[in-house]
Amino acid sequence: MTACLLEAMDLYRFFHTQESETLALRGVSLTLREGELVALMGPSGSGKSTLLACLASLDVPDGGHVEFLGMRLTRLSDAERARRRAQGIGILLQSGNLFSGLTVADNVRLPMRLIGQANEKCVDALLADVGLWDRRHAYPGQLSGGEAARAGLAVALANAPQILLADEPTGEVDAETELRILTLFDRRRESGMAILVATHSTFLARHASRVIQLRDGRLHHD
Ligand SMILES: Nc1ncnc2c1ncn2[C@@H]1O[C@H](COP(=O)(O)OP(=O)(O)OP(=O)(O)O)[C@@H](O)[C@H]1O
């Protein structure tokens, strides 16, 4: 039996605005085990991004808890949560993954520096893996949507995380690039990394170890 890296228990998340109240997560529980690729699917607005943010401890759920490697993230201070994230969790959001004033290579180098592991060979290898080595000196504003997603993926993988949480990593890329990303995922999975991907791609879902469906903030396991 492979090790459980991440566990979420009974997560609830409410959003209150002046006009409305949204119950974005209604008791979501899941586990993420070593080496698996889990596709998180569901209609727009079903709560996928909210769930990823809670799992990554970028957002704090209103109810329930998240454990990473047996450590309850929801109990830690903000600083300690950020430290755990920097060390072991890779995150790819739908946007805002890149610092606009840094080149692609410097964006990838930054998370490595934060954990004291900057290594030029690793920067080059990651950029080659996502097919962006020849764009390493470009700034984010000079990238296409698909290139920016791949650069964000290289940044998310730069701290050699045990888990990767990715929101639509293949949303704006062509079929060849999607295959390249899945090949990269497979190589990382072989070394034990677990990946949870929010996606609308049926191609990616077919490639996944399992598919989970979110509807109206509730999880359905296929
Ligand atoms: N900060 C917020 N304030 C108010 N409502 C929010 C906030 N973030 C999310 N919501 C609401 O919570 C629900 C879930 O949103 P979420 O972004 O998690 O969905 P999603 O499944 O990721 O959608 P998509 O596939 O379009 O990215 C939606 O109704 C959304 O409007």
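Every value quoted in this text rests on a predicted model; they were computed, and no experiment measured them.

### A few points about helix α6 (residues 175-190)
- The end-to-end C-alpha distance of α6 is 23 Å, a good match for the 22 Å that 16 residues give at a rise of 1.5 Å each.
- Those residues of α6 that sit buried are Thr177, Glu178, Ile181, Leu182, Leu184, Phe185, Arg188 and Arg189. Mapping the buried residues of α6 onto a view down its axis gives an arc of 155 degrees, with all of them on the same face. Residues Ala175, Glu176 and Glu190 are exposed on α6 and point more than 90 degrees away from its buried face.
- Taken together, the buried residues of α6 touch β3 (37-41), α4 (120-129), α5 (145-157), β7 (163-167), β8 (194-198) and α7 (202-207).
- One or two positions beyond α6, positive phi appears at Gly192, with a value near 105 degrees.

### Some remarks on α5
- A rise of 1.5 Å per residue sets the reference length of α5, with its 13 residues, at 18 Å; its end C-alpha atoms lie 19 Å apart and thus fit the reference within 8%.
- In terms of burial, α5 is a largely internal element, 11 of the 13 residues being buried.
- All of the buried residues along α5 are Gly146, Glu147, Ala149, Arg150, Ala151, Gly152, Leu153, Ala154, Val155, Ala156 and Leu157.

### A closer look at the side chain of Asn97
- Among the structural elements, Asn97 can be located in the loop between β6 (89-92) and α3 (104-114).
- Separated by 2.8 Å, the side chain of Asn97 and the backbone nitrogen of Leu93 make a polar contact.
- Apart from residues no more than four positions distant in its own chain, Asn97 is found in contact with Ile91, Leu92, Gly152 and Val155.

### Here's the deal with the environment of Gly217
- Counting through the fold element by element, Gly217 comes out in the loop between β9 (210-215) and β10 (218-221).
- C-alpha of Gly217 to C-alpha of Glu7: the two residues are 210 residues apart in sequence and 17 Å apart in space.
- With residues near it in sequence (within four places) discarded, Gly217 still touches Ala24, Leu25, Arg26, Val28 and Ser46.

### Notes on the nonpolar core
- By size, the foremost hydrophobic cluster in this structure holds 35 residues, and its most contacted members are Val108, Leu153, Leu164 and Phe185.
- Those elements that place two or more of their residues in this core are β3, α3, α4, α5, β7, α6, β8 and α7.
- No other element matches the six residues that α5 contributes to this core.
- The residues touching Phe185, leaving out its near neighbours within four places in the chain, are Leu37, Leu153, Leu164, Pro169, Ile195 and Val197.
- Listed in part, the 28 residues of the second largest apolar core include Leu11, Val66, Phe68 and Ile212.

About the cut-offs
- Residues numbered from 1 in each chain as written.
- Predicted model: local features only at pLDDT ≥ 70, side-chain atom pairs only at ≥ 80, totals over all residues.
- Heavy atoms only, no water.
- Helix = DSSP H or I, 4+ residues; strand = E, 2+ residues; numbered from the N terminus.
- Expected span 1.5 Å × (residues − 1).
- Buried < 20%, exposed > 50% of the residue type's maximum accessible area, 1.4 Å probe, protein only.
- Arc of directions from axis to C-beta.
- Contact = heavy atoms within 4.5 Å.
- Polar contact = N/O pair within 3.5 Å; in protein donor to acceptor, adjacent residues only side chain to side chain.
- Core = buried A, V, L, I, M, F, W, Y, C linked by side-chain atoms within 4.5 Å.

Shape is all these values report; function is a separate question.
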